[in-house]
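What the coordinates show
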Amino acid sequence: MGISRVGFAGLGSMGGPMALNLARAGIPLLVWNRTPGKADGVAEAVEDVAELFARCDVVILMLKDAEAVDAVLDRGGPAFGGRVAGRTIVHMGTTAPGHSRALETDLLAAGAKYVEAPVSGSRIPAEAGELVAMLAGEPGTIEEVRELFAPMCRETVRCGPVPNGLLMKLAVNVHLTAVVTSLAETVRFARAHELDLGLLADVLGAGQLASPILRVKAPKLVEEDFAPQASIANVLANVELIAAAAREAGLELPLIEASRALYAETARLGFGGEDMVAVVKALDARPHSED
């Protein structure tokens, strides 16, 4: 592969299992996380993120947001040029497309290479190495690092130049958000009419609506299991990015706007750390309509 060592920054609910899958595949890996304990049992860890860049040819970023990305790179700061020069930066988190486009410009100017590689999936697909990566950037640079995605991803799809990977991820999340929100309303409707929720899940799974997301989220709603796979806060952040990108394109997305309001309401009620199916709690908290 020609890569002597790979760095991985960000060991959250998805980043942790992604890095572990890389390590299990025999990739020479060095990891860093803002909270050091999360690196235990994953791979060799460093406390100073500058050391991660100094010792690695390729650095994968799986970070919370644009602010975290810029902070780790010291973008706009005195360390940025030396930190990234001669390295390939692979951005696998989800930030605004405009941020990624500007980041690519700054990295290339500093003598670095850049691959945008957001993923579709949540914690369970991350653990199973079943994510789907949407790659954008220079074709030659993508080819140089493409083998790294195999332990983490079931599929990799080339989407063209930056920021088409992130735009594709946001397009996928338009559908995903609507599907899961609709599923929460479906279960709530069935519960109100005292239907057997297990049978509901069976009927949904037997018909044209069957899908991997249904198989994961329907049982969580039926069992009222709100342990996070993709949290309300994370989904809300993604929906905000979608809404902003839609405004830039002059689009109206009524379902996304309704979902954004509903997820924001759920977060205000204190459920931001729970799984996205907890959106049903905001609906349950509303006063019941009367005839």
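Preceding this section is the structure that the text describes.
A short tour of the structure in this document, coming up. Sequence order sets the numbering: in each chain, residues are counted from 1 along the sequence as written. Per-residue local features of the predicted model are confined to residues with pLDDT of at least 70, and side-chain atom pairs are confined, for both listing and counting, to 80 or more; whole-chain, interface and lining totals are unaffected and use all residues. The side-chain numbers reported here are obtained from all heavy atoms of the structure, hydrogens and water having been left aside.

Let's talk about the overall build of the protein chain
Note the cut-off: Helix and strand definitions here come from DSSP, where helices need a minimum of 4 consecutive H or I residues and strands a minimum of 2 consecutive E residues; each element is numbered from the N-terminal end. In this setup the radius of gyration rests on C-alpha atoms only. A globule is expected at 2.2 Å times the number of residues raised to 0.38. Accessibility here uses a 1.4 Å probe with only protein chains present; expressed as a share of the type maximum, an area under 20% marks a residue as buried, one over 50% as exposed, and anything in between as partly exposed. The contact criterion used is simple: two residues touch if any of their non-hydrogen atoms lie within 4.5 Å.
Each helix and strand in the protein chain was counted, giving 13 helices and 9 strands. Taken over the C-alpha trace, the protein chain has a radius of gyration of 20 Å; the compact-globule value for 291 residues is 19 Å, and the two agree within 12%. A principal-axis box enclosing the C-alpha atoms of the protein chain has dimensions of 65 × 40 × 35 Å. For the protein chain, buried positions account for 46% of its 291 residues. Counting only contacts in the protein chain whose residues sit at least 6 apart along the sequence, the fraction spanning at least 24 positions is 64%.

A look at helix H11 (residues 232-248)
To be explicit about the condition: Expected span of a helix: the number of residues minus one, times 1.5 Å.
Across its 17 residues, H11 extends 24 Å between first and last C-alpha, which sits within 8% of the 24 Å expected from 1.5 Å per residue. When we look at burial in H11, the residues that qualify are Ile232, Val235, Leu236, Asn238, Val239, Leu241, Ile242, Ala243, Ala245 and Ala246. One or two residues past the end of H11 sits glycine 250, with phi positive at roughly 70°.

Observations concerning the pattern of salt bridges
What counts, and what does not: Only one rule defines a salt bridge in this text: a Lys or Arg side-chain nitrogen within 4 Å of an Asp or Glu carboxyl oxygen.
If you walk through the whole model with that rule in mind, you get 17 salt bridges. With a shortest N-O distance of 3.3 Å, aspartate 225 and lysine 220 are connected by a salt bridge. Judged by its relative accessible area of 29%, aspartate 225 is partly exposed. By relative accessible area, which is 4% here, lysine 220 ends up buried. Residue glutamate 274 pairs with lysine 281 through a salt bridge whose shortest N-O separation is 2.7 Å. Residue glutamate 274 is classed as partly exposed on the basis of its relative accessible area, which comes to 21%. Taken together, the shared-partner salt bridges connect Arg5, Glu44, Glu51 and Arg55 into one network.

What about unusual backbone geometry?
With an omega of 10°, the peptide bond between valine 162 and proline 163 qualifies as cis. Relative to the helices and strands, proline 163 is located in the loop between strand E9 (153-158) and helix H8 (164-192). For aspartate 74, which is not a glycine, the phi torsion comes out positive at approximately 55°. Its location among the elements puts aspartate 74 in the loop between helix H3 (66-73) and helix H4 (80-84). You can call aspartate 74 partly exposed: its relative accessible area is 21%.

Side note on the pairing of strand E2 (residues 29-32)
Side-chain positions along a regular strand alternate between the two faces of the sheet. Quick reminder of the rule: For two strands to pair, DSSP has to find at least two bridges joining them. Handedness rule for crossovers: strands pointing away from the viewer, path from the first strand over the helix to the second running clockwise, crossover right-handed.
Every second residue of E2 is oriented toward a common face, with Leu29 and Val31 on one face and Leu30 and Trp32 on the other, all of them buried. Pairing analysis gives 4 bridges linking strand E1 (residues 6-9) to E2, with the strands arranged parallel. Paired with valine 6 across the bridge in E2 is leucine 29. Of the crossover connections in this fold, the one passing from E1 over helix H1 (residues 15-24) to the parallel E2 is right-handed. Relative to strand E3 (residues 44-45), E2 runs parallel, the two sharing 2 bridges. Within the sheet, the bridge partner assigned to valine 31 lies in E3 and is alanine 45.

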